[in-house]
Amino acid sequence: MDVAFGLSPPVFLVLVLAVLASFFVSSSAGLGGSLVLIPSLALLIGAKEAVVLGALLLGLNNVVKAFAYRESLPFRAAGVLVGLLMVGSFIGASALVRAPDRLVGIGVLASFAVSLVAERRNWLQVRQVGGPLLALGAGATSGFTGTSGPLKGAALRNLRLDRAHLVGGASLASLAGDATKTVVFAREGLLVGDTTRVAALCVPLMFAGTFLGRRFNKSLSENGYAWFFWSVMGGYSVRVAVTLL
């Protein structure tokens, strides 16, 4: 008997485990959920459906994540980046069908590399200019590829927030971007019955993954978190690089 998207119960269980893992990573590092979620969904239900369902799942999860990190939400510091990310998300989601994935992948890798070098060498002027541009690009790439990890992560690092506020800022940015994408997809009639059914079934996983991830985040030292964060960013870049082969 099929559960949703024509999946059998064992295969649907694999989907559920991927969803839980994505929520845990997202809550631990502040972002990274799409690194696990989008490829897993794409293998199981198709690329376009994965972007649509991923936006809905991650958007709902970011509501829970924003609540979990409610004491460290940097509204003032991250306000401009969040606004630009929403604009980019609208543009990217609207162009979902026509997106040139190869060109986007090259742009993501190039932007991430520049931002990483700028941080390591303390090129402050590049960082100040790059943050807003990275946020706009993050929203656009997220809109039509389902992931904005390297760009969004780099943009947030440019704000020089401490660990708690970095995770809080990522929660705000992700919530705004995913909500924008979901509105566009709903307007285009892409939120079908199976999509909303799966999202409803995954609500308990949002709480479990988010609060387990927060506990893991608090157990890390600042240096440990920095390594974890950049490992997630590196994972994003490896994933993008593989798609270009």
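See the structure above.
The following refers to the structure shown. Remember, it's a predicted structure, so these values are computed and weren't measured experimentally.

Rules and cut-offs
- Residues numbered from 1 in each chain as written.
- Predicted model: local features only at pLDDT ≥ 70, side-chain atom pairs only at ≥ 80, totals over all residues.
- Heavy atoms only, no water.
- Helix = DSSP H or I, 4+ residues; strand = E, 2+ residues; numbered from the N terminus.
- Buried < 20%, exposed > 50% of the residue type's maximum accessible area, 1.4 Å probe, protein only.
- Contact = heavy atoms within 4.5 Å.
- Phe/Tyr/Trp six-rings, centres within 6.5 Å; stacked < 30°, edge-to-face > 60°.
- Lys NZ or Arg CZ within 6 Å of the ring centre and 35° of its normal.
- Core = buried A, V, L, I, M, F, W, Y, C linked by side-chain atoms within 4.5 Å.
- Expected span 1.5 Å × (residues − 1).
- Arc of directions from axis to C-beta.
- Patch = residues over 30% accessible without salt bridge, like charges linked within 9 Å, V, L, I, M, F, W, Y side chains within 5 Å.
- Areas by Shrake-Rupley, 256 points an atom, 1.4 Å probe, with all protein chains shown as cover.
- Salt bridge = Lys/Arg side-chain N within 4 Å of Asp/Glu carboxyl O.

### Digging into the side chain of Ser28
Here is step 1 of the chain: Mapped onto the fold, Ser28 is located in helix α1 (residues 9-29).
Here is step 2 of the chain: Judged by its relative accessible area of 0%, Ser28 falls in the buried class.
Here is step 3 of the chain: Leaving out residues up to four positions away in the same chain, Ser28 has contacts with Val167, Gly213, Phe216, Asn217, Tyr225 and Phe228.

### Some details on the packing of aromatic side chains
Here is step 1 of the chain: Counted according to the given criterion, the structure contains 1 aromatic pair.
Here is step 2 of the chain: With centroids separated by 5.7 Å and ring planes inclined at 45°, the aromatic side chains of Phe24 and Phe216 adopt a geometry described as tilted. Remark: Phe216 occurs in helix α10 (residues 203-219) and Phe24 occurs in helix α1; sequence separation between them is 192 residues.
Here is step 3 of the chain: According to the relative accessible area criterion, Phe216 is partly exposed, its value standing at 30%.
Here is step 4 of the chain: Note that Arg70 overlies the ring of Phe67, its terminal NZ or CZ placed 4.2 Å from the centroid.

### Concerning the environment of Phe24
Here is step 1 of the chain: Judged by its relative accessible area of 29%, Phe24 falls in the partly exposed class.
Here is step 2 of the chain: In this structure the C-alpha to C-alpha distance between Phe24 and Phe211, which are 187 residues apart in sequence, comes to 8.0 Å.
Here is step 3 of the chain: Those residues in contact with Phe24, other than ones at most four positions away along the chain, are Gly209, Leu212, Gly213 and Phe216.

### Examining the nonpolar core
Here is step 1 of the chain: Of all hydrophobic cores here, the largest spans 21 residues; its most connected members are Phe12, Leu15, Val19, Phe23, Leu41, Leu57 and Val198.
Here is step 2 of the chain: The element best represented in this core is helix α3 (residues 47-68), accounting for 6 residues.
Here is step 3 of the chain: By size, the runner-up hydrophobic cluster in this structure holds 14 residues, among which are Ala78, Leu81, Ala138 and Ala154.

### Quick notes on α10
The α-helix winds at 3.6 residues per turn, so residues separated by three or four positions along the chain end up facing the same way.
Here is step 1 of the chain: End to end, α10 covers 25 Å across 17 residues, agreeing with the expected 24 Å (1.5 Å per residue, within 8%).
Here is step 2 of the chain: Taken together, the buried positions of α10 are Leu205, Met206, Gly209, Thr210, Gly213 and Asn217. For α10, the angular spread of buried residues about the axis comes to 120°, placing them on one side. Seen from the buried face of α10, the exposed residues on the opposite side, beyond 90 degrees, are Pro204, Arg215, Lys218 and Ser219.

### Describing a nonpolar patch on the surface
Here is step 1 of the chain: Taken together, the side chains of Val87, Phe90, Ile91 and Leu136 make up a nonpolar region of the molecular surface, amounting to roughly 340 Å² of accessible area.
Here is step 2 of the chain: A per-element tally of the nonpolar patch places helix α4 (residues 75-94) first, with 3 residues.
Here is step 3 of the chain: Summarising the element assignment, Leu136 is placed in helix α6 (residues 124-145).
Here is step 4 of the chain: Under the relative-accessibility criterion, Leu136 is labelled partly exposed at 34%.

### Some details on the pattern of salt bridges
Here is step 1 of the chain: On inspection of all chains with the given rule, the structure shows 2 salt bridges.
Here is step 2 of the chain: Here Asp178 and Lys181 are joined by a salt bridge, their closest N and O atoms 3.1 Å apart. With Asp178 and Lys181 both in helix α8 (residues 163-187), this residue pair falls 3 residues apart, about one helical turn.
Here is step 3 of the chain: When the shortest N-O distance is used, the salt bridge between Asp194 and Arg197 registers 2.3 Å. Of this pair, Asp194 and Arg197 both sit in helix α9 (residues 193-201), separated by 3 residues, roughly a single helical turn.
Here is step 4 of the chain: With a relative accessible area of 41%, Arg197 lands in the partly exposed category.

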